[in-house]
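Spelled out, the chains give:
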Amino acid sequence: MAEAVRQEARSAGRAARLARERPGRERDLVLQSLKAGLAALIAWMIAGRLLQAPLPFIAPWVAIVLVRSTVYQSVAQAMQQLGAIAVGTVLATAGGTTLGSPTLAMAVVLPVTLLLGNWPRLGDQGIYGATAALFVLTSGDPSVDAAIARLLESLLGAAVGVGVNMLVLPPVHLRSTQEAVRAVIDEATQTLTAVADGLNGSWSHREARDWDERARRLFSLIRQARSALDRGRESTWLNPDRRNRAELRRRHGSFTHTVHVLEQLSDYLSDLTRTLMEASDDRTGRPRPEEGVTVPYTRFLHDVAAAVEVYGELVTGDDRSARLRLRQAVDEVHAAQRRLRELLATKGAGGPEWMALYGSLLVDARRVADQLLEEPPEDPL
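Residues numbered from 1 in each chain as written. Predicted model: local features only at pLDDT ≥ 70, side-chain atom pairs only at ≥ 80, totals over all residues. Heavy atoms only, no water.

Engineer: Explain the overall build of the protein to me, and be specific about the residues and the numbers.
Structural biologist: Scanning the protein for helices and strands turns up 13 helices and zero strands. When the elements of the protein are put in sequence order from the N terminus, they spell out α-α-α-α-α-α-α-α-α-α-α-α-α. Split into buried and exposed, the 381 residues of the protein put 43% on the buried side. Here the contacts in the protein between residues at least 6 apart in sequence split such that 79% fall between residues at least 24 apart. Accessible surface, the protein: about 19,700 Å² in total, of which carbon and sulfur atoms supply 57%. (Helix = DSSP H or I, 4+ residues; strand = E, 2+ residues; numbered from the N terminus. Buried < 20%, exposed > 50% of the residue type's maximum accessible area, 1.4 Å probe, protein only. Contact = heavy atoms within 4.5 Å. Areas by Shrake-Rupley, 256 points an atom, 1.4 Å probe, with all protein chains shown as cover.)

So this is what it looks like as structure tokens:
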């Protein structure tokens, strides 16, 4: 238990340090928390001090949960939450005034509001219907005037929450997309290098299995990159920050194309590592590559890794020389591929089955390398 507490403390300290030192997810979370606190404070001041609302806590309660990670989410969830609160308030007011007993009204109203809270159009805000009903039934005698006051206070809180999120540093998720793409590229480069270095020595079935596991982890990173792309696209909707919105729209097409290319690269790596894993397993009967082929294949994989690394610099940075260096790196991949195919054809290394298996991998690798040079299509978001 003590060690778990220490680990959590170190993790919290690391997150605080990252939030202080550089932009990123940690700083975004701090900013969102500060904005939520500001929204709650403003809603409380307006409802409690300015308007003298009968239940002033409702406005800050609604405001604080509507400072979301995108402006669009704030608006969409505000509508869903207001709908859920309206349903719960109306049903609880009707049930409380009709049945007379708060306990009996709870027994009737709460199951109904919880059931209605599962309506897909309310999203994950449906639970607020039951919460609103509970407030009505436990805070005095229900009345139409009190119900109207609660709805107006909820509307005030929603307006403040959405307004703060929209007007105070509205979130545009460009960095998260860039970081997710960078993570895929780094992992792909490292996996290619690990396979190349391993093939240069005496590699075992266990090593090949480790390579295959690393290659398959790429698909999880790609799913994260696609989620980041979707979140970035969503963060431009209803966002008044024209400058950052325009920058994200400018780069979104490039990132979308990049993720597609990385999917092809991941497919190639998965096929390669699966083939090597089967070749190192004596039970499969697959041909194991000979040293005369693995040495040039190692150089070929290093060339592919170098091309992918430069591609990452091109799509996630501002290095103007990266385009020229990428062309040179892809040319090296083409040259290495030609040399390997000539070696397989002239020496017949491994026989026709080896040529069919590993030759197809060479073709796939060249196809991926060519895709690194493709210009992304226009994507106006």
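Engineer: Can you tell me about the environment of Ala40, naming the residues and giving the values?
Structural biologist: For Ala40, the position within the fold is in helix α2 (residues 25-50). Overall, the relative accessible area of 13% leaves Ala40 in the buried class. In this structure, the C-alpha to C-alpha distance between Ala40 and Val62, residues 22 residues apart in sequence, is 8.1 Å. Excluding residues that lie within four positions of it along the chain, Ala40 makes contacts with Pro60, Ala63 and Ile64.

Engineer: Hey, could you go over the pattern of salt bridges for me, with residue numbers and the actual values?
Structural biologist: Counted by the stated rule, this structure contains seven salt bridges. With a closest N to O distance of 3.1 Å, Arg226 and Glu263 form a salt bridge. With a gap of 37 residues between them, Arg226 in helix α9 (residues 205-234) and Glu263 in helix α10 (residues 242-279) connect regions that are remote in the sequence. Judged by relative accessible area, Arg226 falls into the partly exposed class, the value being 30%. (Salt bridge = Lys/Arg side-chain N within 4 Å of Asp/Glu carboxyl O.)

Engineer: So what about the packing of aromatic side chains? Which residues, and what values?
Structural biologist: This model, assessed by the stated rule, comprises five aromatic pairs. With 5.4 Å between their ring centres and 70° between their planes, Trp61 and Phe135 make a pair best called edge-to-face. On the criterion of sequence distance, the pair formed by Trp61 in helix α3 (residues 58-65) and Phe135 in helix α6 (residues 127-138) is long-range, its members being 74 residues apart. For Phe135, a relative accessible area of 26% corresponds to the partly exposed category. Seen in terms of ring centroids, Tyr72 and Trp237 are 4.9 Å apart; in terms of plane orientation they differ by 85°. Their pairing is edge-to-face. (Phe/Tyr/Trp six-rings, centres within 6.5 Å; stacked < 30°, edge-to-face > 60°.)

Engineer: Residue-level account of the environment of Arg367, with values.
Structural biologist: Examined against the element boundaries, Arg367 turns out to sit in helix α13 (residues 351-372). Distance in space between the C-alpha atoms of Arg367 and Gln264 is 8.9 Å, their sequence separation being 103 residues.

Engineer: Describe the packing of α3 against helix α7 (residues 144-167), listing the residues and the values that go with them.
Structural biologist: Interaxial distance between α3 and α7 falls to 7 Å at its minimum, and their mutual angle equals 35°. Pair α3 / α7 crosses with right-handed handedness. In this structure, α3 contributes Ile58, Ala59, Val62 and Ala63 to the contact, and α7 contributes Arg150, Glu153, Ser154, Leu156, Gly157, Ala158, Val160 and Gly161. (Axes fitted to C-alpha atoms, helices over the stretch in contact; angles between N-to-C directions. Left-handed = near helix turned anticlockwise from the far one by under 90°.)

Engineer: Explain unusual backbone geometry to me, using residue names and the numbers behind them.
Structural biologist: Trans is the common state for peptide bonds, and a negative phi is the common state for residues other than glycine. Phi at Gln52 takes a positive value of approximately 55°, unusual for a residue other than glycine. Looking at the secondary structure, you find Gln52 in the loop between α2 and α3. Residue Leu238 is not a glycine yet carries a positive backbone phi of 65°. Within the element layout of this structure, Leu238 appears in the loop between α9 and α10. Here Leu238 falls in the partly exposed class, since its relative accessible area comes to 48%.

Engineer: For the nonpolar core, give the residues involved together with the corresponding values.
Structural biologist: Membership of the largest hydrophobic core comes to 54 residues, with the highest contact counts inside it found for Leu192, Tyr268, Leu272, Tyr297, Phe300 and Leu301. Contributions of two or more residues to this core are made by α8 (175-199), α9, α10, α11 (291-316), α12 (322-347) and α13. Here the element with the most residues in this core is α10; it accounts for eleven residues. Not counting chain neighbours up to four residues away, the residues in contact with Tyr268 comprise Leu192, Tyr297, Phe300, Leu301, Leu361, Asp364, Ala365 and Val368. (Core = buried A, V, L, I, M, F, W, Y, C linked by side-chain atoms within 4.5 Å.)

Engineer: Could you give an account of the packing of helix α4 (residues 71-99) against α6, with specific residues and numbers?
Structural biologist: Contact geometry for α4 and α6: axes closest at 7 Å, N-to-C directions at 35°. With respect to the hand of their crossing, α4 and α6 are arranged in right-handed fashion. Together, Gln81, Ala84, Ile85, Gly88, Thr89, Ala92, Thr93 and Gly96 of α4 and Tyr128, Gly129, Ala132, Ala133, Val136 and Leu137 of α6 make up the contact between the two elements. Among the residues forming the contact of α4 with α6, the class breakdown is eight nonpolar, six polar and no charged. (Nonpolar A, V, L, I, M, F, W, Y, C, P; charged D, E, K, R; others polar.)

Engineer: Before we move on, could you go through helix α5 (residues 102-116) and cite the residues and values that matter?
Structural biologist: Think of an α-helix as turning once every 3.6 residues; residues three or four places apart then point the same way. Between the first and last C-alpha of α5 there are 20 Å, a value that for 15 residues agrees with the 21 Å anticipated at 1.5 Å per step. The largest bend in α5 comes to about 30°, at Val109, with the proline Pro111 one to four residues further on. Listing the buried residues of α5 in full gives Ala105, Val109, Leu110 and Thr113. Buried positions along α5 lie against α4 and α6. (Expected span 1.5 Å × (residues − 1). Bend = angle between axes of the 7 residues up to and from the residue.)

Engineer: Please set out a nonpolar patch on the surface residue by residue, giving values where relevant.
Structural biologist: On the surface, Leu38, Ile42, Leu167, Val168 and Leu169 cluster together into a nonpolar patch covering about 430 Å² of accessible area. Topologically, Leu38 is positioned in helix α2. By relative accessible area, Leu38 is classed as partly exposed at 34%. (Patch = residues over 30% accessible without salt bridge, like charges linked within 9 Å, V, L, I, M, F, W, Y side chains within 5 Å.)

Engineer: Could you give an account of the environment of Val168, naming the residues involved and the relevant values?
Structural biologist: Along the polypeptide, Val168 turns up in the loop between α7 and α8. Sequence-wise, Val168 and Leu38 are 130 residues apart; in three dimensions their C-alpha atoms are separated by 9.9 Å. Beyond its immediate chain neighbours, meaning those up to four positions away, Val168 contacts Lys35, Leu38 and Gly163.

Engineer: Kindly report on α9, identifying the contributing residues and their values.
Structural biologist: Taking 1.5 Å per residue as the helical rise, α9 with its 30 residues ought to reach 44 Å, and the 45 Å between its terminal C-alpha atoms agrees with that figure. Of the positions making up α9, those classed as buried are Ala208, Trp211, Asp212, Ala215, Leu218, Ile222, Ala225, Ala228, Leu229, Gly232 and Glu234. Looking at the buried side of α9, the elements it contacts are α4, α8 and α10.

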